[in-house]
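# Architecture at a glance
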Amino acid sequence: IFAGAVLGKTRVLTRKIAYLLEQKRTVPHRILAVTFTNKAAREMQERVVDILGPGNTVNIGTFHSIGARILRSEKRVEGYSPDFTIYDTKDQKSVITESLKKLELDTKMYSPSSVSHYISEQKQQLLLPADSAKRTNNDFMKEKFAKVYAEYNKTLQANNAYDFDDLLMRPILMFRDHPEVAEKYRHRWDYILVDEYQDTNQVQFQLVKLFSEVSKNICVVGDDDQSIYGWRGADISNILDFEKTFPNAQIVKLEQNYRSTKNIIQAASAMIKGNGHRAEKSLWTDGEDGDKILHKECERDYKESDYIAKEIRFSGKSLRDFAILYRTNAQSRLL
């Protein structure tokens, strides 16, 4: 399902879950719905209960929470027990800094943030430290990063802890090493539903593909025009090539916008059409035309801020009537 901005993507999945249960196509625990945030998962669960009443507990969660559930229930990862701890970004940075000190590496030359990015990148490619060490290609920096990765993972295992990337990588490695476990999860759910599919990476793609291999019932909702997480591994081809991966897929496009005015919709559509790597969509609304958009180009950043301030000052309206949206925090000081 291709759904443009503000077209109720999560609502579509909620109604689909309700429909499947109302039609007795399956039972609640045989449905898996995957979201990107815990908040979205809670909202979806609440909506299902509102529609169908209590007792309809569907498996709804983020990729990471589902990965954690699998790891806790299967207990197949060597060196780990099911009561493991999950390290957040702050914990991860602390372990990386400690690892750099142990290896006597300068934290200015090898910043914890760059090492963290490297480790995350390796885990998204399903590479453990030993695999990464073999792929440095005599690159001095990569060799050092690989050593930090090994020290980092050693500390995590000693503390019976996983980071967020582990929660996705480890289940797939477990499925690879234990085919009987993989077979169990191929048969576990009758229907797989995924929200915000344009932001999935290759590891997440492999998980949902495995989960749906037997039932062939997978429904994803997303908007390739809203894909903004390429910098952290999101792969836009997951949604654009969906029909190649799942040849019998039916494509549905939701194109009516209920919130924006015609001028906003037309301007946004005209801009995004310049992107050649996208699915064709034509957003529309039967709402009013609305105010026209003013585009003002300023020569310098301080002139831009000055122009905005004067427009607000001489508008005759209250300050609370205005909102200023800016692209980066660096612009906020001048504004």
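Preceding this section is the structure that the text describes.
These lines cover the structure that appears in this document, whether it is placed above or below. The structure presented is a predicted model; accordingly, all values stated were derived computationally and were not measured.

## So, the pattern of salt bridges
For the structure shown, the criterion picks out 20 salt bridges. Taking the shortest distance from any N to any O, the salt bridge between Lys-281 and Asp-223 comes out at 3.6 Å. Here the residue Lys-281 occupies a position in the loop between helix H13 (262-272) and helix H14 (301-313), and Asp-223 occupies one in the loop between strand S7 (218-220) and helix H11 (237-240), the gap between them amounting to 58 residues. As far as burial versus exposure is concerned, Lys-281 and Asp-223 are alike and both buried. Across the pair Glu-299 and Lys-303 runs a salt bridge, and its minimum N-O distance is 3.2 Å. Overlapping salt bridges, with partners in common, bring together Asp-223, Asp-224, Asp-225, Arg-278, Glu-280 and Lys-281 in one network.

## What to know about helix H8 (residues 166-177)
With twelve residues, H8 ought to run about 16 Å at 1.5 Å a step, and its terminal C-alpha atoms sit 16 Å apart, in line with that. In terms of residue burial, H8 counts as a mostly covered element, since ten of its twelve residues are buried. The complete set of buried residues in H8 reads Asp-166, Leu-167, Leu-168, Met-169, Arg-170, Pro-171, Ile-172, Leu-173, Met-174 and Phe-175.

## Side note on helix H1 (residues 9-22)
Under the 1.5 Å per step criterion, the end-to-end length of H1 is 20 Å for 14 residues, consistent within 8% with the ideal 20 Å. Among the residues of H1, Lys-9, Thr-10, Leu-13, Thr-14, Ile-17, Ala-18, Leu-20 and Leu-21 are the ones counted as buried. Considering only its buried residues, H1 is in contact with strand S1 (2-3), strand S2 (31-35), helix H2 (38-52), strand S6 (191-194) and S7. Immediately beyond the C-terminal end of H1, within one or two residues, lies Lys-24, with a positive phi of roughly 55°.

## Quick look at the packing of H8 against helix H9 (residues 179-186)
At a minimum axis separation of 5 Å, H8 and H9 run at an interaxial angle of 115°. Viewed along their axes, H8 and H9 adopt a mutual orientation that is roughly perpendicular. In contact with Met-174, Phe-175, Arg-176 and Asp-177 of H8, H9 contributes Pro-179, Val-181, Ala-182 and Tyr-185. For the contact of H8 with H9, the per-class residue count stands at six nonpolar, no polar and two charged.

## Things to note about the side chain of Gln-204
Relative to the elements of secondary structure, Gln-204 occurs in helix H10 (residues 202-211). When neighbours within four sequence positions are excluded, Gln-204 is seen to be in contact with Phe-36, Phe-63, Leu-168 and Asp-199.

## Let's talk about unusual backbone geometry
Glycine aside, residues mostly have negative phi, and peptide bonds are mostly found in the trans state. At Glu-104, a position not held by glycine, the phi torsion is positive, near 55°. Looking at where Glu-104 falls in the secondary structure, it is placed in the loop between helix H4 (89-102) and helix H5 (112-124). Positive phi is not limited to glycine here, since Glu-196 has a value of about 50°. Here Glu-196 shows up in the loop between S6 and H10.

The rules behind these values
- Residues numbered from 1 in each chain as written.
- Predicted model: local features only at pLDDT ≥ 70, side-chain atom pairs only at ≥ 80, totals over all residues.
- Heavy atoms only, no water.
- Salt bridge = Lys/Arg side-chain N within 4 Å of Asp/Glu carboxyl O.
- Helix = DSSP H or I, 4+ residues; strand = E, 2+ residues; numbered from the N terminus.
- Buried < 20%, exposed > 50% of the residue type's maximum accessible area, 1.4 Å probe, protein only.
- Expected span 1.5 Å × (residues − 1).
- Contact = heavy atoms within 4.5 Å.
- Axes fitted to C-alpha atoms, helices over the stretch in contact; angles between N-to-C directions.
- Parallel < 35°, antiparallel > 145°, perpendicular 65-115°, else oblique.
- Nonpolar A, V, L, I, M, F, W, Y, C, P; charged D, E, K, R; others polar.

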